[in-house]
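What the coordinates show
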Amino acid sequence: MSPPAPSATVRDAALPARVLGRSGIVVSALGFGGAPLGDLYGELDDLAAITTVEAAARGGVTLFDTAPLYGRGLSEHRVGTALRRRPRASFVLSTKVGRVYAAAPNGVRNREGYVGGLQFEGRFDYSRDGCLRSLEQSLLRLGLASVDIALVHDLDPWAHGDALETRIREVLGGAWRALCDLRAAGVVRAIGLGVNDAGVCERFAREADPDCVMLAGRYSLLEQPALPFLELALARGIGVMLGGVYNSGILATGPIAGAKYDYREAPPAVLARVGRIQDVCGAHGVALAHAAAQFPLGHAAVSSVVLGAVTPSEVVQNLAAFARPVPAALWRDLVAEGLLSADAPVPG
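Notes on the structure follow. (Residues numbered from 1 in each chain as written. Predicted model: local features only at pLDDT ≥ 70, side-chain atom pairs only at ≥ 80, totals over all residues. Heavy atoms only, no water.)

**Considerations on the packing of aromatic side chains**
For the structure on display, the rule yields seven aromatic pairs. Ring geometry for Phe32 versus Phe64: centroids 5.9 Å apart, planes at 40°, classification tilted. You can see Phe32 sitting in strand E3 (residues 30-33) and its partner Phe64 sitting in strand E4 (residues 63-65), a full 32 residues away along the chain. We classify Phe32 as buried; its relative accessible area is 3%. Overall, Phe64 belongs to the buried group, its relative accessible area being 1%. Here the aromatic cluster, defined as three or more aromatic residues joined through ring pairs, consists of Tyr219, Phe295 and Trp331. (Phe/Tyr/Trp six-rings, centres within 6.5 Å; stacked < 30°, edge-to-face > 60°. Helix = DSSP H or I, 4+ residues; strand = E, 2+ residues; numbered from the N terminus. Buried < 20%, exposed > 50% of the residue type's maximum accessible area, 1.4 Å probe, protein only.)

Right under this line is the structure:
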């Protein structure tokens, strides 16, 4: 299969850049999320996936995030293949620790939510040795000698339920100490968490003092429960990368039938609220997805909004979401309608 032709609107360019908290790492305000490249919703052609990463880099994206979970290593393979063709200083690479993988020659029993992916079986391991092994495996899959950011992955109630407290103690006594040593040795530049829970972020901000976090789904145009954590992060110099700013899709698609919210079909109350937000956006001539992508950057703690893509055309759509500022009156109208917290900072 031939690679898709690069879009004429995607070329080497510059996006707004921000410093990732006290780490000093400069990242693009729009980051590239590698989860879909692990065959999340459907099996992808390798060359098309690699071309998508290259399109993001040409479009000015400098922050690329992936993880062993994503297709059980497949996303790291694809992201690494694309990025190692570029000068190492031209991009910031983030991956995650907390799972280790072994070959599954008789088939994968736990696909971990991915339609496709590689034939490996994963297990959680937040010990010191597990962390070091996880990162070593990632470097081999990426084909790169270093990553910039290492995040402890899925240390939240979504993944561990009642066992969360046990897992937190395991991390603090094992993986976290390993990451601190790697940072001190200059192997990685910044360490933190990649989770779906703002409460865990608050706890680690107080007990472990991370450089940064990747927080998914908890701060968006639809809802802002992570606002207290963002205030704490700002006070402590913790850089924040936000994923899931479309709340699993509904802020990108609008309140259509079958729209997804938090990985499930959106309930009627959420559909209705998103419909009202969309109406306010429409009155100002702004696409719902564009407002949703730009809103989180209004908070000074947020360094980058990380969006996934599986084709160069989706990269173009993501870039377009940042191409034109949202009028200040739109944010004011959302607050007036009770659709946006008056305490939430807005862009501009």
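**A word on the packing of helix H1 (residues 46-58) against helix H2 (residues 74-83)**
The description of two packed helices rests on the angle between their axes and on the distance between the axes. Running from amino to carboxyl end, H1 crosses H2 at an angle of 55°, the nearest separation of the two axes being 8 Å. The orientation of H1 with respect to H2, classified from their angle, is oblique. As for the relative orientation of H1 and H2, their crossing is right-handed in sense. Where H1 abuts H2, its residues Asp46, Ala49, Ile50, Val53 and Glu54 lie against Leu74, Arg78, Val79, Thr81, Ala82 and Leu83. Here the residues of the contact of H1 with H2 are counted per class, giving seven nonpolar, one polar and three charged. (Axes fitted to C-alpha atoms, helices over the stretch in contact; angles between N-to-C directions. Parallel < 35°, antiparallel > 145°, perpendicular 65-115°, else oblique. Left-handed = near helix turned anticlockwise from the far one by under 90°. Contact = heavy atoms within 4.5 Å. Nonpolar A, V, L, I, M, F, W, Y, C, P; charged D, E, K, R; others polar.)

**Side note on helix H13 (residues 328-336)**
Along H13, the residues that are buried comprise Leu330, Trp331 and Leu334. For H13, the angular spread of buried residues about the axis comes to 95°, placing them on one side. Residues of H13 that are exposed and angled more than 90 degrees away from the buried face: Arg332 and Ala336. Of the surrounding secondary structure, the elements contacted by the buried residues of H13 are helix H10 (268-283) and helix H11 (288-294). With its phi angle positive at about 75°, Gly338 sits one or two positions after the end of H13. (Arc of directions from axis to C-beta.)

Shape descriptors only; they carry no functional weight alone.
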